[in-house]
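# Secondary and tertiary structure notes
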Amino acid sequence: MRLINTNQKLRSLFHRNLFLVAGLSLLTKTLVHLTCCRQAGKACVLNSMIHKNHFILLLLCINSLVVAQTIKGRVLDSTQSPLSFATIALLNKTDSSVLKGSISDEQGNYFFDKISKGNYILKISSVGYKTKCSSIIFFDSLTNIIVPDITVSGGQDLDEVSVTAIRNTLEFKNGNIIVNVESSPLAKGNSVYDLLIKLPGISIDDNIISLNGKPGVVFMLDGRVLQLSNMQLVNMLKSMSTEVVEKIELLKNPPVKYDAAGTSGMIHIKTKKTKLLGFSGSVYSSNSFGFYPRNLAGVSLNYKLSKITLFSNFDFNNSVYQSLDHFNKKFRTDSTLTEFVNSNSYKEVERNFLFKVGADWQIDKKNIIGFKVDGGPGTYASDGHGVNTVTGYNSLGFDHLAALVHSPSNWNSTNYNLNAEHRFDTSGTSLNFTSDYTLLNENNFLSVENLFLGLNNSEVLPANVYKSSNKGETKILATKLDLTKIINVKSSFELGGKISSVQTSYNYLFEKRDNMSGAYVMDTALTNNYTYREQTLALYANYKKSFDKVNVQLGLRGENTNLTGRNTGKNFALTRNYYNLFPNILFEYIPSEKNNFQLNFNRRIDRPDFGSLTPFRIYRDQYSYNQGNPFLLPHYSNTAEFTHMYKQSIANTLTYTRINNVMLYYTAQDDSTKVTTQSMKNMKYNNYYAYSLFMRSDIKKWWNISANGLLAYIEYLGDVKGVVFHTTSLHYNASLTNTFLAPKNTKIEMIVFYRSPKNNGVIQANYRWLFSLAIKKTFLKNKLDCSIGVNDIFYTSVGRSFAKFSNQDWNFSQTTDTRRLVININYNFGRLKVKLRDEASNEEEKSRLSH
């Protein structure tokens, strides 16, 4: 192998980094210019930042002269795609002894450092591929060696591979929890929603999803943020089978290349991105049985040519849900007490079809372009029957209220994606382009019939009947460009930008029935139409540098957002323009192989979803409804976190988060009309102090455990209708997952979790716990896997909440159909696994949409 002269190497590195230095300088000046435009006259700020730019330039120039003595390269498969997670061993040529080992990353890259002078050989191995050795590497310990790409070919049939080690369902990496869905028997046969309830740190209360006790979580699907309201997000998660999911990442501190949305972090769902040479695919059917049956079924079809890959997924969901609710409210005056005792039962039917089709074309070794289309139609219908009994002092003129609620909806969502990648070299330097266009049409209907009955169930007051329709359309266009520059094996730089445009409109019609004529008459006070337009421009830079025992990551993202809203019927107009900087700084200290310390600081934002901004009323019955708030403002979080990792198996983390102007759900009560409303508003602040523990251990070769615990102190300060509240509480949760390998390709998994009461401001959540068990067995040389499991065996995952504040004294409980027998069958066909690429640009925008 040719040796590279050190002086030539230094000059080459210096010249290659000139464009990188210029890019960083331009980005920094752009961010400063945007800031200074809002602070006219403060020239001193600009001058100061220019001096800082000079300092950064100097650091990068010095860095370009630093050369680490390493051996690095990249592993490819027979289709010239990066081969991730391959094992690379550095062998002594003389006696073939193993000196060091490494694992290729997702781009197929590997490296070895701190190597003595000598002659070496690389040995590459991976499941499903033939083991391959490189040619002899002559290393003088003074020069960086870049090994030409090593291509390995498929050899051993995956059917013949016998896996005897346990792949951990839960992993802890860089402060984040990774859930390997593919390897989990408990995930089989469930929807993603059912699986999320079992995951450590995740809680769902009244369709509000929290991560580690904090609301404000953003969902990503294959790199694209899903802009959905809470209910719309839940519907999507319920319709998505875990059979199409490879892993779920719980990201507490997402890097700056992602949108800054999500004050509690992100939940990244990665679907299976594998294909097989020639024609390949899989087919599955999942059936669960409880109060009502549910079915998820789908097929994946792929075809690989020499340079073109075709891929597709088609999934169908037919699920029926049951919900039993109890809502008790007390209304007090100086001398009287009236109580509503409310019981409701709901049957919900959801059917939808999801598809994804696309192609990748590898033009040559350096260029790839691709496109994909995904989405699908869906329907949802909820039928509820409730009885609201009045006890105590009663001047309302009826004994109990019977409410019949029918709520059907339908939607159709389509996303078009175009992407391209250019690889400048074999070290990992690349330029990625992605553009998405999303179109969503939805129709939501609601009819409520309130019957006022006496003791003998006869009508004593005229019925109150009304209905509403809400037709919405949303269009999103988002484009981003990402540059990754590998300076050397110990430092890299990322630079990118994104521009997005969102336009959404709602037409809401509210009608009441005239009891005399039976005709419906429009209520002009409640009928509304809203149109929102939002444009966001974002730029980011991220620099990573590794020293002897210290790793540093410095990231900065700037986002400028313009939002306009209008209501032609109510003469309402809204204009907002805000620019923010979002730093993400990470320091890592590795004193030994056993210990790792990390210190992280980041700033993030939560924007209200468009559904929360529209003041439409969603009635539960005559005396209870939800309503949006068009005056909601975004809130910002500042988080500092310290983590110690021991032997990559025990992680202790301390976290502090401060959110000012925090958006929070609350309830309000009118004692005279007996009406309870739920909405969202900006409160003063939220403080969050937490200690978390993650532990993983192999008790035996056939027994693995993963434990996760959280202890948090949560504080809220705000007001409801001028009455100040200040709530504090200690919250804790714990989960334990046991995985067992049994004879004859059998795997057993069980999980138990407990969540203590939790402070959500005015609304307080009660405890809940759950125990689930599942068994998976493979047949036909691992082509067919069958699983059977029981979710929530003891039927204890019951949602309970209450409020005791000002004039409010209520409690609510909801029992859903969580105890279920789940049976899943999955059949795979094909030989050689090849990875596809994740490409999306409309991440944050889509998270605030409907479906």
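Not measured: the values here are computed from a predicted model. (Residues numbered from 1 in each chain as written. Predicted model: local features only at pLDDT ≥ 70, side-chain atom pairs only at ≥ 80, totals over all residues. Heavy atoms only, no water.)

## Looking at the overall build of the protein
When helices and strands are tallied, the protein shows seven helices and 52 strands. Restricting to contacts in the protein with at least 6 residues of sequence separation, those with at least 24 account for 68%. With an accessible surface of roughly 36100 Å², the protein has 60% of that area assigned to carbon and sulfur atoms. (Helix = DSSP H or I, 4+ residues; strand = E, 2+ residues; numbered from the N terminus. Contact = heavy atoms within 4.5 Å. Areas by Shrake-Rupley, 256 points an atom, 1.4 Å probe, with all protein chains shown as cover.)

## Details of the pattern of salt bridges
Tallying each qualifying case throughout the model produces 11 salt bridges. For Arg332, the salt bridge identified is with Asp809, shortest N-O distance 3.3 Å. Pair noted here: Arg332 is in strand E22 (residues 308-332) and Asp809 is in strand E49 (residues 808-816), with a separation of 477 residues, a long-range link. A single salt-bridge network, built from bridges that share partners, covers Arg557, Glu559 and Arg607. (Salt bridge = Lys/Arg side-chain N within 4 Å of Asp/Glu carboxyl O.)

## A few points about the sheet that holds strand E39 (residues 675-682)
If you trace the four strands from one edge of the open sheet to the other, you get E34-E35-E39-E38, paired in mixed fashion. Two strands in the sheet have a free side with no partner beyond their single neighbour: strand E34 (617-621) and strand E38 (663-670). Taken pair by pair, the neighbouring strands of this sheet meet at an average axis angle of 20°, ignoring direction. Pairing geometry for E38 and E39, over eight bridges, is antiparallel. (Pairing = 2+ DSSP bridges. Axes fitted to C-alpha atoms, helices over the stretch in contact; angles between N-to-C directions.)

## Re the nonpolar core
Leu196, Phe219, Leu237, Ile248 and Ile269 are the most contacted members of the largest nonpolar core, which has 38 residues in total. No other element matches the five residues that helix H4 (residues 192-198) contributes to this core. Every residue in contact with Ile269, bar those within four places of it in the chain, is listed here: Val192, Phe219, Met220, Leu221, Asp222, Leu237, Met240, Val245, Lys247 and Ile248. One finds Val390, Leu446, Val448 and Phe452 within the second-largest nonpolar core, a separate group that totals 31 residues. (Core = buried A, V, L, I, M, F, W, Y, C linked by side-chain atoms within 4.5 Å. Buried < 20%, exposed > 50% of the residue type's maximum accessible area, 1.4 Å probe, protein only.)

## Some details on unusual backbone geometry
Positive phi is not limited to glycine here, since Leu780 has a value of about 50°. Within the secondary structure, Leu780 sits in the loop between strand E46 (768-779) and strand E47 (784-791). A relative accessible area of 55% places Leu780 in the exposed class. Phi at Ser806 is positive, roughly 55°, even though this residue is not glycine.

## Some details on the side chain of Asn109
By secondary structure assignment, the location of Asn109 is in strand E4 (residues 109-113). A residue is classified by how much of its surface remains accessible, and Asn109, at 15% relative accessible area, is buried. The contact partners of Asn109, leaving out residues within four places of it in the chain, are Gly73, Arg74, Ile103, Ser104, Thr426, Ser427 and Gly428.

## A short note on the pairing of E47
With seven bridges joining them, E46 and E47 adopt antiparallel strand pairing. Within E47, the position partnered with Phe779 by the bridge is Leu784. Both E47 and strand E50 (residues 820-829) contribute to a ladder of eight bridges, which runs antiparallel. Each bridged residue has a counterpart across the sheet, and for Ile788 the counterpart in E50 is Ile823.

## Let's talk about the environment of Ala261
Examined against the element boundaries, Ala261 turns out to sit in the loop between strand E17 (245-251) and strand E18 (266-271). The class of Ala261 is buried, set by a relative accessible area of 3%.

## Examining the environment of Glu511
As for its position among the elements, Glu511 is in strand E28 (residues 491-513). Spatially, the C-alpha atoms of Glu511 and Lys467 are 5.4 Å apart, while their sequence positions differ by 44 residues. Apart from residues lying up to four places away in sequence, Glu511 is in contact with Tyr466, Lys467, Tyr520, Val521, Met522 and Asp523.

## Section: the pairing of strand E48 (residues 799-805)
Burial along E48 is one-sided: the residues Gly799, Ser801, Ala803 and Phe805 are buried and none of Arg800, Phe802 and Lys804 is. Two elements, E48 and E49, share seven bridges in a ladder whose sense is antiparallel. What sits directly across from Ser801, in E49, is Phe812. The hairpin formed by E48 and E49 contains two residues between the paired strands, and Ser806 there has a positive phi angle of roughly 55°.

## Concerning the sheet that holds strand E14 (residues 218-221)
Reading across the sheet, the six strands line up as E10-E11-E17-E18-E14-E15 and stay open at both edges, with mixed pairing between neighbours. Each end of this open sheet is capped by a strand with a single partner; those strands are strand E10 (170-173) and strand E15 (224-225). Strand direction decides the pairing type here: E17 and E18, joined by six bridges, are antiparallel. Opposite Ile248, over in E18, you have Ile269 as the bridge partner.

## Quick word on the packing of aromatic side chains
For any pair of aromatic rings, the description consists of the separation of the ring centres together with the inter-plane angle of the planes. In this structure the tally under the stated criterion is 37 aromatic pairs. Ring centres 6.0 Å apart and planes at 40° place the aromatic pair Phe510 and Tyr619 in the tilted group. Of this pair, Phe510 sits in strand E28 while Tyr619 is found in strand E34, placing the two residues 109 residues apart along the sequence. Overall, Tyr619 belongs to the buried group, its relative accessible area being 11%. Within the aromatic cluster, the residues linked to one another by ring pairs are Tyr506, Tyr508, Tyr530, Tyr532, Phe572, Phe610, Phe616 and Phe631. (Phe/Tyr/Trp six-rings, centres within 6.5 Å; stacked < 30°, edge-to-face > 60°.)

## Details of the confidence of the model for the protein
Mean pLDDT over the protein works out to 83, with 85% of the residues at or above the 70 mark. In this model, residues 1-68 is a region of pLDDT below 50 whose contacts with residues beyond four sequence positions or in other chains number 81 contacts. Low pLDDT, under 50, characterises residues 832-837; the stretch is placed with 35 contacts to residues that sit more than four places away or in other chains. (pLDDT = per-residue confidence, 0-100.)

## Comments concerning the environment of Leu324
Relative to the helices and strands, Leu324 resides in strand E22. The class of Leu324 is partly exposed, set by a relative accessible area of 34%. Counting along the chain gives 490 residues from Leu324 to Gln814, while the straight-line C-alpha distance between them is 5.7 Å. Each residue touching Leu324, except ones within four places of it in the same chain, is listed here: Asn344, Ser345, Ser813, Gln814 and Thr815.

## Overview of the side chain of Ser300
Relative to the assigned elements, Ser300 resides in strand E21 (residues 293-304). For Ser300, a relative accessible area of 11% puts it in the buried group. One polar contact links Ser300 to Asn302, side chain to side chain, over a distance of 3.4 Å. Setting aside anything within four residues of it in sequence, one finds Ser300 in contact with Ser280, Gly281, Ser282, Ser312, Asn313 and Phe829. (Polar contact = N/O pair within 3.5 Å; in protein donor to acceptor, adjacent residues only side chain to side chain.)

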